[in-house]
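Structural features, examined
In case you want the letters, here they are:
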Amino acid sequence: MPAVGAIGAGNSNNKEYPGKLTPFVTATCVVAAMGGLIFGYDIGISGGVTSMDPFLMKFFPSVYKKKNLDKTTNQYCQYNSQTLTMFTSSLYLAALLASLLASTVTRRFGRKLSMFFGGLLFLVGALINAFAYHIWMLIVGRILLGFGIGFANQAVPLYLSEMAPYKYRGALNIGFQFSITIGILVANVLNYFFAKINGGWGWRLSLGGAMVPALIITIGSLILPDTPNSMILRGERNAAKAHLKRIRGVDNVDEEFYDLVAASEASKQVDHPWRNLFQRKYTPHLTMATLIPFFQQLTGINVIMFYAPVLFNSIGFKNDASLMSAVITGLVNMFATIVSIYGVDKWGRRALFLEGGVQMLICQAIVAAAIGAKFGIDGNPGDLPQWYAVVVVLFICVYVAGFAWSWGPLGWLVPSEIFPLEIRSAAQSVTVSVNMLFTFLVAQVFLTMLCTMKFGLFIFFGFFVVLMTIFVHFLLPETKGIPIEEMGEIWKAHPVWSKFVNDDHGCACGVKLGNGAMKDVV
């Protein structure tokens, strides 16, 4: 029995489809990856806006009072408001629901249409939020933003994994996460400057700025070509083969094309992809589709990214300092993601997952100790020395870097590349839905948890970092360098998952049938 850490370390069948990284496919993937801008912009903008006093005075006066007027309020509890957290978290509940509908759209009509719907819905939501005068308008706008994110997050990772040559799939797919980090950074920078606008209407510019990334993905989806996988699935085989030649930059694409056709034939025999997800042979796929996004959100990263200004303000930073600290963490997040782009196809997925987990755990322990020592239980730090604040921000930045080159991008990459075509859209919807469900829950309960658990909040999330690192070590095989329609072999070689994957799995996971033969499709 092979060692767990060595499983799937490369292409198990030594299959190498001819092809290269063409300028056409590179440009295509760059445009598609910009779908991550809408997700990142929203993550970054909401925390900064909810720390702006004019915004709080207009929509959440009780929070404004606790923050600025009530000196008896525990520092940890000044933002504790279920209405305020609903403003942030309602988006992710809407995204969860939209991702289920997006599965059908993505499967039947292609990845492009889902991206188009995502951008359009996000655009309308941004407009409503920018001109909101009542809290119900804010919530409606957030719900539309959530619908947009649900469609975009369903389609973009699949699109990138299907378009990219398998040798470069990791780096190109991580372009989605890189766009998310750019969106977060841009949002944090805009919040910092818009908060300084006289008249207190800068928050409208922050919320309305979401129209720009929405327009980018909406227009981009109209000019993008569809993926060969999706074209074959819809019966456009001749066009798909010609398209495959163009994106691979070679004429000899027969082997890859026939494997894609075989996978498509297998998928057409699956009448109920949602029901089939629960078959025994798909146990490893369903496990990864569920637990990877679950653990991604329970790292605690969204505590930092959603509420970075709120968090820094709650632990003693002034308004300008807290917004600038959020900008710093956004910069770290973006540049650390580049490390993953460089190394994911060189070092592999498992190595980055494991290193990132250890790094995040150490930083969470140090930050919990630092905040606990200075703030104690009553949340009153007195005068916070500048060097002490720098130490806290430093270790939070190291934590963010660990996430940015591991669980951040890989949490989207790995699920999008392991699913066979017949369940790919449904399984991706599970991934997005679980991600959004726990994003919603974390966003909704974070401020209450901060008020209740104090500095112990970092220990709480650290516990899940331990669990997820153990999970990766024992249960996640390496997927580096394996063609997307050949991914079935990694489960057969795994000491745990091989017990669930039947020998007759065949090309349902894209196993090679041999020189284009399709006679044994199941």
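This is a predicted model, so every value here is computed, not measured. (Residues numbered from 1 in each chain as written. Predicted model: local features only at pLDDT ≥ 70, side-chain atom pairs only at ≥ 80, totals over all residues. Heavy atoms only, no water.)

1. Let's talk about the environment of Lys 346
- Looking at where Lys 346 falls in the secondary structure, it is placed in helix 17 (residues 319-347).
- For the pair Lys 346 and Ala 171, spaced 175 residues apart in the sequence, the C-alpha separation amounts to 9.6 Å. (Helix = DSSP H or I, 4+ residues; strand = E, 2+ residues; numbered from the N terminus.)

2. Let's talk about the packing of helix 8 (residues 169-194) against helix 20 (residues 407-418)
- Here helix 8 crosses helix 20 at 130°, and the two axes come no closer than 9 Å. In terms of orientation, helix 8 and helix 20 fall into the oblique class. Judged by the twist between their axes, the crossing of helix 8 over helix 20 is right-handed. Of the residues in helix 20, those in contact with Arg 169, Gly 170, Asn 173, Ile 174, Phe 176, Gln 177 and Ile 180 of helix 8 are Gly 408, Pro 409, Leu 410, Trp 412, Leu 413, Ser 416 and Glu 417.
- Split into classes, the residues belonging to the contact of helix 8 with helix 20 amount to seven nonpolar, five polar and two charged. (Axes fitted to C-alpha atoms, helices over the stretch in contact; angles between N-to-C directions. Parallel < 35°, antiparallel > 145°, perpendicular 65-115°, else oblique. Left-handed = near helix turned anticlockwise from the far one by under 90°. Contact = heavy atoms within 4.5 Å. Nonpolar A, V, L, I, M, F, W, Y, C, P; charged D, E, K, R; others polar.)

3. Here's the deal with the confidence of the model for the protein
- Confidence in the prediction of the protein, expressed as mean pLDDT, is 82, and 84% of residues score 70 or more.
- Counted against residues more than four places away or in other chains, residues 1-13, with its pLDDT under 50, gives 33 contacts. (pLDDT = per-residue confidence, 0-100.)

4. Looking at the environment of Gly 220
- Along the chain, Gly 220 turns up in helix 10 (residues 211-223).
- Overall, the relative accessible area of 5% leaves Gly 220 in the buried class.
- Between the C-alpha atom of Gly 220 and that of Thr 28, which follows or precedes it by 192 residues, the distance is 9.2 Å.
- Excluding its chain neighbours within four sequence positions, the residues that come into contact with Gly 220 are Val 31 and Leu 215. (Buried < 20%, exposed > 50% of the residue type's maximum accessible area, 1.4 Å probe, protein only.)

5. Regarding the pattern of salt bridges
- A complete count under the given rule lists eleven salt bridges for this structure.
- The residue Arg 424 makes a salt bridge to Glu 162 at a minimum N-O spacing of 2.9 Å. Placement of the pair is Arg 424 in helix 21 (residues 424-453) and Glu 162 in helix 7 (residues 135-163), with a sequence separation of 262 residues.
- Using a relative accessible area of 1% as the deciding quantity, one classes Arg 424 as buried.
- A salt bridge links Arg 248 to Glu 256; the shortest N-O distance between them is 3.0 Å. For the pair shown, Arg 248 and Glu 256 are each scored as buried.
- By sharing partners, the salt bridges in this structure join Arg 169, Asp 345, Arg 349 and Glu 417 into a single network. (Salt bridge = Lys/Arg side-chain N within 4 Å of Asp/Glu carboxyl O.)

6. Focus: the environment of Leu 100
- On the secondary structure map, Leu 100 appears in helix 5 (residues 82-109).
- When the C-alpha positions of Leu 100 and Ser 433 are compared, they lie 7.3 Å apart, and in sequence the two are 333 residues distant.
- Excluding anything up to four places from it in sequence, Leu 100 contacts Trp 274, Ser 429 and Ser 433.

7. Topic: the nonpolar core
- Among the nonpolar cores identified, the biggest contains 124 residues, and Phe 55, Trp 407 and Met 436 are the most heavily contacted of them.
- At twelve residues, the largest contribution of residues to this core is made by helix 21.
- In this view, Trp 407 contacts Ile 292, Phe 295, Gln 296, Phe 353, Met 360, Met 468 and Val 472; residues no more than four positions away in its chain are not counted.
- Membership of the second largest hydrophobic core comes to five residues, among which are Leu 185, Leu 323, Val 327 and Met 334. (Core = buried A, V, L, I, M, F, W, Y, C linked by side-chain atoms within 4.5 Å.)

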